[in-house]
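The lines below spell out each chain.
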Amino acid sequence: MIINGKEIAEKIRQEIKAKADKLKKKPGLAVILVGDDPASQVYVRGKEKTCNELGFYSEIHRLDQNISEDELLNLVKGLNNNDKIHGILVQLPLPKHIDKNKVISLIKPIKDVDGLHPLNIGNLFTGHKAIIPCTPKGIVKLIESTGEEIQGRNAVVVGRSNLVGKPVSVLLLNRNATVTICHSRTQDLKKHTQQADILVAAVGKPEFITADMIKQGAIVIDVGINRIDGKLIGDVDFENVKDKCSFITPVPGGVGPMTIAMLMENTIECYEMIEK
Ligand code: NDP
């Protein structure tokens, strides 16, 4: 069965809109985009559009590629103290001359809608209340939408980035899956993926996961977004894998729409913490 991320995300968006309509003031999201990376521009436009559709206040700060680190840090400081803003998102990647960790660490943890501040990551890893990174949060909701048990299942995550691989592994571990994290130095990757009841592919290589790597009846979540000749291709060879697994997410229309929906959900969570 194909997990329809677009449809699930749409339902969540409607719930968020209903919630936002009832709030005293508009939830506010600030997005900072540095430079003109085409993929980042697409993502930021999507975030701006969604804010408008859901009745959020939004500020998009489009900054020149050559902006100094200090200027960027000052912008973040201003947004930290801006009462209209409940969530701050710095679109990654940042140019090389800017220390990404310094910028993210400066965001007030309570406004860290992307859940990448060390305090939120620490809380996630220790099982305390945290703002959960959007893509991993969306992935878990997609797995849960299948109605299949996570507890006790073998989950294999291919990719160990701070943005996707590591946090999704912890979320699955916190739900009592037995988690294996694979990466570029993993030996005999297939041996691991073939054991996966739940397989999350976050590699960034088109159709990297092939049918021979899949356990019959697995749940397969394809996080990858690869642009080939203007087309979006996932990390999973969808056509050949789909007949072997029990559930699979498509690209596009799987994890992507959930990421934006979770960003909006996180903004509301930040709003509630701040306005309380
Ligand atoms: P990164 O490039 O940060 O991480 C990729 C990971 O894949 C690394 O951990 C790397 O290992 C691992 N890897 C690379 N080659 C291999 C290999 N041959 N075998 C096993 N593992 C390998 O990417 P992200 O985590 O940021 O993103 C992954 C994909 O997900 C990308 O396509 C990205 O565009 C997409 N994405 C989609 C989102 C969405 O909303 N749908 C949101 C965020 C990302 P190592 O650590 O050893 O280098």
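Just so it is clear, the model here is predicted, and its values are computed rather than measured.

## Quick look at the pattern of salt bridges
Move 1: For the structure shown, the criterion picks out 17 salt bridges.
Move 2: A salt bridge links E272 to K19, with the nearest nitrogen and oxygen atoms 3.7 Å apart. Placement of E272 in helix α10 (residues 255-275) and of K19 in helix α1 (residues 5-22) is noted, with a sequence separation of 253 residues between them.
Move 3: On the accessibility criterion, E272 (28% relative accessible area) is partly exposed.
Move 4: Here the salt bridges share partners, and the residues they tie into one network are E10, R13, K49 and E53.

## Some words on the sheet that holds strand β3 (residues 87-90)
Move 1: Overall, parallel pairing links the three strands, which are arranged β2-β1-β3 in an open sheet. One side of each edge strand has no neighbouring strand; the edge strands of this open sheet are β2 (57-63) and β3. The sheet shows a mean angle of 15 degrees between the axes of neighbouring strands, direction not considered.
Move 2: Together, β1 (28-34), β2 and β3 form the strand contacts of helix α2 (residues 38-54), whose direction differs from that of β2 by roughly 160 degrees.
Move 3: The strands that helix α3 (residues 69-80) touches are β1, β2 and β3; relative to β1, the one it contacts most, it runs at about 175 degrees.

## Focus: the site of the ligand
Move 1: Lining the immediate surroundings of the ligand are 19 residues, of which R160, S161, S184, I225 and T259 lie closest.
Move 2: Between the ligand and the protein, one listed contact pairs an oxygen atom with a backbone N or O atom of I225 at 3.0 Å.
Move 3: For the ligand, the accessible surface in isolation is 920 Å², of which the surrounding protein chains cover 72%.
Move 4: Broken down by element, the residue count for the shell around the ligand peaks at three residues, all from α10.
Move 5: Counted by class, the shell around the ligand contains eight nonpolar, nine polar and two charged residues.

## Some details on α3
Move 1: In this model α3 runs 16 Å from its N-terminal to its C-terminal C-alpha over twelve residues, within 8% of the 16 Å that 1.5 Å per residue would give.
Move 2: Among the residues making up α3, those that are buried are E69, L72, L73, L75, V76, L79 and N80. One side of α3 carries all its buried residues, which in axial view fall inside an arc of 155 degrees.
Move 3: Turning to α3, the residues buried within the fold contact β1, β2, β3 and α4 (100-106).

## Some thoughts on the state of the cysteines
Move 1: According to the stated counting rule, one finds zero disulfides in the structure shown.
Move 2: For the unlinked cysteine C51, the closest cysteine sulfur is that of C134, found at 11 Å.

## A few points about the side chain of S169
Move 1: Mapped onto the secondary structure, S169 falls in helix α7 (residues 165-174).
Move 2: For S169, a relative accessible area of 5% gives the class buried.
Move 3: Excluding residues within four positions of it along the chain, S169 makes contact with V157, V179 and I181.

## A look at the packing of α1 against α2
Move 1: With their axes 9 Å apart at the nearest point, α1 and α2 run at an angle of 55 degrees to one another. Between α1 and α2, the angle is such that the two are oblique. Across from R13, I16, K17 and A20 in α1, the residues of α2 making contact are T50, E53 and L54.
Move 2: Of the residues belonging to the contact of α1 with α2, the class tally is three nonpolar, one polar and three charged.

## A look at the packing of α1 against α10
Two quantities define a packed helix pair, namely the angle between the helix axes and the distance between the axes.
Move 1: Packing of α1 against α10 brings their axes to within 8 Å, and their N-to-C directions diverge by 20 degrees. Here α1 is positioned roughly parallel relative to α10, judged by the angle of their axes. Considering how the two elements wind past one another, α1 and α10 form a crossing that is left-handed. Of α10, the residues touching α1 (which contributes G5, K6, I8, A9, I12, R13, I16, K19 and A20) are P257, M258, A261, M262, M264, E265, I268 and E272.
Move 2: Here the residues of the contact of α1 with α10 are counted per class, giving eleven nonpolar, one polar and five charged.

## Structural notes on the nonpolar core
Move 1: I139, L172, V200, I221 and M264 are the most contacted members of the largest nonpolar core, which totals 49 residues.
Move 2: Looking at this core element by element, the count peaks at nine residues for α10.
Move 3: Here this core spans two domains, since at least three of its residues come from each of domain 1 (24-108) and domain 2 (134-255).
Move 4: When neighbours within four sequence positions are excluded, I139 is seen to be in contact with V164, V168, V200, I221, V223 and V255.

Calculation notes
- Residues numbered from 1 in each chain as written.
- Predicted model: local features only at pLDDT ≥ 70, side-chain atom pairs only at ≥ 80, totals over all residues.
- Heavy atoms only, no water.
- Salt bridge = Lys/Arg side-chain N within 4 Å of Asp/Glu carboxyl O.
- Helix = DSSP H or I, 4+ residues; strand = E, 2+ residues; numbered from the N terminus.
- Buried < 20%, exposed > 50% of the residue type's maximum accessible area, 1.4 Å probe, protein only.
- Pairing = 2+ DSSP bridges.
- Axes fitted to C-alpha atoms, helices over the stretch in contact; angles between N-to-C directions.
- Contact = heavy atoms within 4.5 Å.
- Near = heavy atom within 4 Å.
- Polar contact = N/O pair within 3.5 Å; in protein donor to acceptor, adjacent residues only side chain to side chain.
- Areas by Shrake-Rupley, 256 points an atom, 1.4 Å probe, with all protein chains shown as cover.
- Nonpolar A, V, L, I, M, F, W, Y, C, P; charged D, E, K, R; others polar.
- Expected span 1.5 Å × (residues − 1).
- Arc of directions from axis to C-beta.
- Disulfide = S-S within 2.5 Å.
- Parallel < 35°, antiparallel > 145°, perpendicular 65-115°, else oblique.
- Left-handed = near helix turned anticlockwise from the far one by under 90°.
- Core = buried A, V, L, I, M, F, W, Y, C linked by side-chain atoms within 4.5 Å.
- Domains from an automatic or database assignment.

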